[in-house]
Amino acid sequence: MADGKAVAAGPPAAVVAKGDAAAGADPALFTFAEFDRDAGERIGWSNYSYWRSTLHMFLRNRVALFLLVLLGTILAFTFLQPLLPNQRSPTLINIDPATGRQFRNLVPSAEYWFGTNSIGQDLWSRIWSGTRTSLLIGIIVGVVEMVLGIAFGAIWGYVRKADRVFTEVYNVLNNIPTTIVLMLLAYIMRPSFQTMVIAMCAAGWHGVARFVRNQIVIIRDREYNLASRCLGTPTHRIIMKNLLPYLVSVIMLQTALSIPGTIGWEVFLTYIGIGLPVSIPSLGNLVNEGRLIMMAPELRYQLIFPTIVVSIITISFYVLGNAFSDASDPRNHV
Amino acid sequence: MAKYMLKRLAQSVVTLFIVVTAVFLLMRLLPVEGYLGERYDKLSPEQREAILQKMGLLDPWYVQIGSFYSKLAHGDLGTSAIYRKDVPVLQVIAPRVPYSVRFGLVAMALSLAAGLAMGVHMARYKGRFWDRTWTVYIVLINAVPSAVYLLFIQLYGTDLLKVPLLFDKYKFQSWVLPAISMSLGGIAGYAMWMRRFMVDELNKDYIKLARAKGMTSSAIMVRHVMRNAYVPMAQYLPAAILATVSGSIYIESLYSIPGMGGLLVDVIQRQDNPMVQALVLIFSSIGILGLFLGDVLMAAFDPRIKFAKSEGAR
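Each residue is numbered by its place in its chain's sequence as written, counting from 1. For naming, the first written chain is A and the first written ligand is 1, with later ones following in the order written. Reporting of local features is limited, given that this is a predicted model, to residues whose pLDDT is at least 70; pairs of side-chain atoms are given and counted only at 80 or more, and all residues count toward the totals for whole chains, interfaces and linings.

(A) Structural context of the overall build of chain B. Runs of H or I in DSSP of at least four residues are treated as helices and runs of E of at least two as strands, each being numbered from the N terminus. Looking only at helices and strands, chain B has 12 helices and 0 strands in total. When the helices and strands of chain B are placed in sequence order, the string is α-α-α-α-α-α-α-α-α-α-α-α. Its C-alpha atoms give chain B principal-axis dimensions of roughly 85 × 55 × 30 Å. The exposure label follows from counting other C-beta atoms within 10 Å of a residue's C-beta, where the C-beta atoms are placed from the backbone and the thresholds are 20 or more for buried and 12 or fewer for exposed, leaving partly exposed in between. Within chain B, buried positions represent 33% of all 314 residues. What counts as a contact here is a pair of residues whose C-beta atoms, placed from the backbone, lie within 7 Å. Taking as baseline every contact in chain B between residues at least 6 positions apart, the subset at least 24 positions apart corresponds to 72%.

(B) Representation of the overall build of chain A. On a plain count of helices and strands, chain A comes out with 12 helices and 0 strands. In chain A, the succession of helices and strands from N to C terminus is α-α-α-α-α-α-α-α-α-α-α-α. Our radius of gyration looks at C-alpha atoms and nothing else; its globule reference is 2.2 Å times the residue count to the power 0.38. For chain A, the C-alpha radius of gyration of 30 Å lies well beyond 20 Å, the compact-globule estimate for 334 residues. Overall, the C-alpha framework of chain A stretches about 105 × 60 × 30 Å when taken along its three principal axes. Counting every position in chain A, which comprises 334 residues, the buried fraction comes to 36%. Looking at chain A alone, contacts between residues at least 24 apart form 67% of all its contacts between residues at least 6 apart.

(C) Structural view of the packing of helix H10 (residues 235–272) of chain A against helix H11 (residues 283–292) of chain A. Residue and element names in this part refer to chain A. Every axis in this analysis is a line fitted to C-alpha atoms, fitted for helices over the stretch in contact. Angles between the N-to-C directions lie between 0 and 180 degrees. H11 packs onto H10 with a crossing angle of 50° between their chain directions and a minimal axis gap of 8 Å. Accordingly, the angle class assigned to the pair H10 and H11 is oblique. Seen along the crossing, H10 lies across H11 with a hand that is right-handed. Contacts between H10 and H11 pair Ile263, Glu266, Val267, Leu269, Thr270 and Tyr271 from the former with Leu283, Gly284, Asn285, Val287 and Asn288 from the latter. For the contact of H10 with H11, the class distribution of residues is 6 nonpolar, 4 polar and 1 charged. Relative orientations are named as follows: roughly parallel for angles under 35 degrees, roughly antiparallel for angles over 145 degrees, roughly perpendicular for angles from 65 to 115 degrees, and oblique for any other angle. A crossing counts as left-handed when the near helix is turned anticlockwise from the far one by less than a right angle, and as right-handed when that turn is clockwise. All residues other than Ala, Val, Leu, Ile, Met, Phe, Trp, Tyr, Cys, Pro, Asp, Glu, Lys and Arg, Gly among them, are scored as polar; the first ten of these are nonpolar and the last four charged.

(D) Structural detail: the nonpolar core. Residues of type Ala, Val, Leu, Ile, Met, Phe, Trp, Tyr and Cys that are buried and joined through C-beta atoms within 7 Å form what is called a nonpolar core. Leu182 and Met183 of chain A together with Ala191, Ile268 and Leu279 of chain B are the most contacted members of the largest nonpolar core, which totals 123 residues. Broken down by element, this core gets its largest block of residues, 13 residues, from helix H10 (residues 217–254) of chain B. The contact partners of alanine 191 of chain B, leaving out residues within four places of it in the chain, are Gly115, Met118, Gly119, Met122, Trp134 and Ile138 of chain B.

(E) Spotlight on the interface of chain B and chain A. Taken residue by residue, the interface counts 36 residues in chain B and 33 residues in chain A. Looking at the side of chain B that touches chain A, the elements that each hand over two or more residues are helix H1 (2–27), helix H6 (129–143), helix H7 (146–161), H10, helix H11 (260–269) and helix H12 (273–301) of chain B. Within the side of chain B that touches chain A, the residues separate by chemical class into 26 nonpolar, 9 polar and 1 charged.

(F) Fine view of helix H6 (residues 160–175) of chain A. Residue count minus one, scaled by 1.5 Å, sets the expected span of a helix. With 16 residues, H6 of chain A extends 23 Å from end C-alpha to end C-alpha; this agrees with the ideal 22 Å at 1.5 Å per step. Listed as buried for H6 of chain A are Leu173, Asn174 and Asn175 of chain A. In this structure, the buried side of H6 of chain A is in contact with helix H8 (193–220) of chain A together with H1 and H12 of chain B.

(G) Main features of the environment of isoleucine 188 of chain A. When you line up the elements, isoleucine 188 of chain A lands in helix H7 (residues 178–188). Through-space distance from the C-alpha of isoleucine 188 of chain A to that of proline 82 of chain A is 34 Å; in sequence the pair is 106 residues apart. In contact with isoleucine 188 of chain A, not counting residues within four places along its chain, are Leu26, Met27, Leu29 and Leu30 of chain B.

(H) Local environment of H7 of chain A. Among the 11 residues in H7 of chain A, 9 count as buried, and that is most of the element. Its buried side turned inward, H7 of chain A meets H8 and H10 of chain A together with H1, H10, H11 and H12 of chain B.

(I) Region of the structure containing unusual backbone geometry. Residues and elements named next belong to chain B. A positive phi angle is found at serine 256, which is not glycine, with a value near 55°. Within the fold, serine 256 resides in the loop between H10 and H11. Overall, serine 256 belongs to the partly exposed group, with 14 C-beta atoms counted inside 10 Å. Positive phi values are uncommon outside glycine, yet glutamine 271 reaches one of about 55°.

(J) Representation of the confidence of the model for chain B within the structure. All names here are of chain B. Looking at chain B, the pLDDT average stands at 83 and 94% of residues meet or exceed 70. By mean pLDDT, the top-scoring element of chain B is H6 (92), and the lowest-scoring one is helix H2 (residues 45–55) (76). For the stretch residues 308–314, pLDDT sits under 50, and the model shows 5 contacts to residues farther than four places along the chain or on other chains. Predicted complex, confidence summary: ipTM 0.83, pTM 0.81. pLDDT expresses, on a scale from 0 to 100, how confident the predictor is about each individual residue.

(K) Structural context of the confidence of the model for chain A. Confidence in the prediction of chain A, expressed as mean pLDDT, is 82, and 92% of residues score 70 or more. When the criterion is pLDDT under 50, residues 1–19 of chain A qualifies, and its contacts beyond four places in sequence or with other chains add up to 20 contacts.

(L) Expanded view of the packing of helix H5 (residues 123–158) of chain A against H8 of chain A. Residues and elements named next belong to chain A. Running from amino to carboxyl end, H5 crosses H8 at an angle of 40°, the nearest separation of the two axes being 6 Å. Between H5 and H8, the interaxial angle falls into the category oblique. Where H5 crosses over H8, the two elements pack in a sense that is right-handed.

(M) Inspection of the environment of phenylalanine 114 of chain A at higher detail. Residues and elements named next belong to chain A. With respect to the element layout, phenylalanine 114 can be found in the loop between helix H4 (62–80) and H5. For phenylalanine 114 and serine 125, which are 11 residues apart along the polypeptide, the C-alpha to C-alpha distance reads 8.7 Å. Not counting residues up to four positions away in its chain, the partners in contact with phenylalanine 114 are Pro108, Leu123, Trp124, Ile127 and Phe305.

(N) Representation of the environment of valine 217 of chain A. Residue and element names in this part refer to chain A. You can see valine 217 is positioned in helix H8. On the basis of neighbour count, valine 217 is assigned to the partly exposed category, with 17 C-beta atoms found within 10 Å. On a C-alpha basis, the gap between valine 217 and serine 125 in space is 48 Å, while along the polypeptide they are 92 residues apart.

In structure tokens form, the structure reads like this:
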């Protein structure tokens, strides 16, 4: 083996392969490969690193990179905006000092960048405040769903005795359309931030659990896990050390996708009238306010601005989630 | 086969029972005063109590749930409290069923036909112009909240077709937009699935063998690829039914279609508890029925399914 390698890598072979004219004649071109005892000990080594390859693959995706920068800017701006000078409060009703009346439905101008709404609130600051609220809901729901989903999904997938029970529970939950669960829960609770979070978590966690369970069932009985079990590793340790690291990429994808989903549900529930109270600006509330006056073409800016923000955020999360999931798949690392 | 179906049916019935009970108990968490609605202020405390007593809302919960089951067994879903006061719920719902069913079926058919065609088209031109165009469509539909884009479809679509914003059952044109709106999500789902399926399947060895035998492309498609697509397609069907049901709630309300989905939104806004309860039960039953049908269809299509061993995955 060591010999073969040395010959293949050595300069003479390359020359033979390349040249043909006088190659056979000149003995100086040939040297014998020495037998190298140590070569057998040298291990083939590559500087492959999972996360570096993931990053590398991710950076190759131009669209995703652009959206990442865009989304990062928007997110940073969302949280920096209240700290900037000359920003109005999102709930302040602006009143004309001359006449004492509200600045209603002002079209976008230098003073009010995105105009004002039907009771004279500044749409610019409302949009950023609403984005903050909606993103916060999205992130909280995403994280809670993940934690619950992974915890239950891991037990469901790994502990065979629990499989039966979990499957039956899942079948019951999965039989009811998500929309109905959400509507029912939001309906019986008082409209508030907590209500939205609880309702969405309750409606979404079992989907994640099912997903994690399926992944775990696939890798549960691979040889390294069998070995681990034979050596007496406790179940929780196998789950934490052997199984979950395998799932990092898919879990990240699911979290990234749950954020646009949450924003969508929020818009929907607000439309029905069981979303957040109107006193809290959110993307759902803004879209709904815009919807109420959309029949007047000159006021459509109140619908279009929030829509643009919603679309940019949801599309970015969706595309980024998918791009990351592609990049983190080792089969794509070459 | 019969044994499997019976078992699956029993499972659905148990699920239905659990869902009915859970919904009933959840609805009992609401303050009973809600059942009085706008009359609340006009009534004296004694009158309120008398009315609630008559409705059976002050009984202990186990008495209430008992009478609820026995009424349900007789097909009585209760009476509306606010929306149309003292009219039986079923009477309110009955004239609305045809609209929902018609829209639902049209939307499902449309999404199946258009989605599969789109998926095949994408797989055929994989990596080229049409594939990319449809991919953009799928990303948009999946990422942007449907509550947002459907609004714009209504706003500009009605302008374009020159129809009134709200549904008019006598005008054929006003059936078009809601039906298309309801199928957009389904089209994206089917197309995405079909494309992946085709790309995977066309690379398999048995397709190569079929080509080597000299079969024509269309014969391969019909006799091999499509035949294999039935099973996963049946598997996807329940999800499509659930999605259509969910979508119909928003769209019916948006266009003021006199269907069940729009009704649910109405009664939630007006806080008519018995109506909400009845409609939630109906929608849940549709979901349960849809999943049952999906499983039965899958079993019928897939010769490989072993009925004896149906543990684990549903």
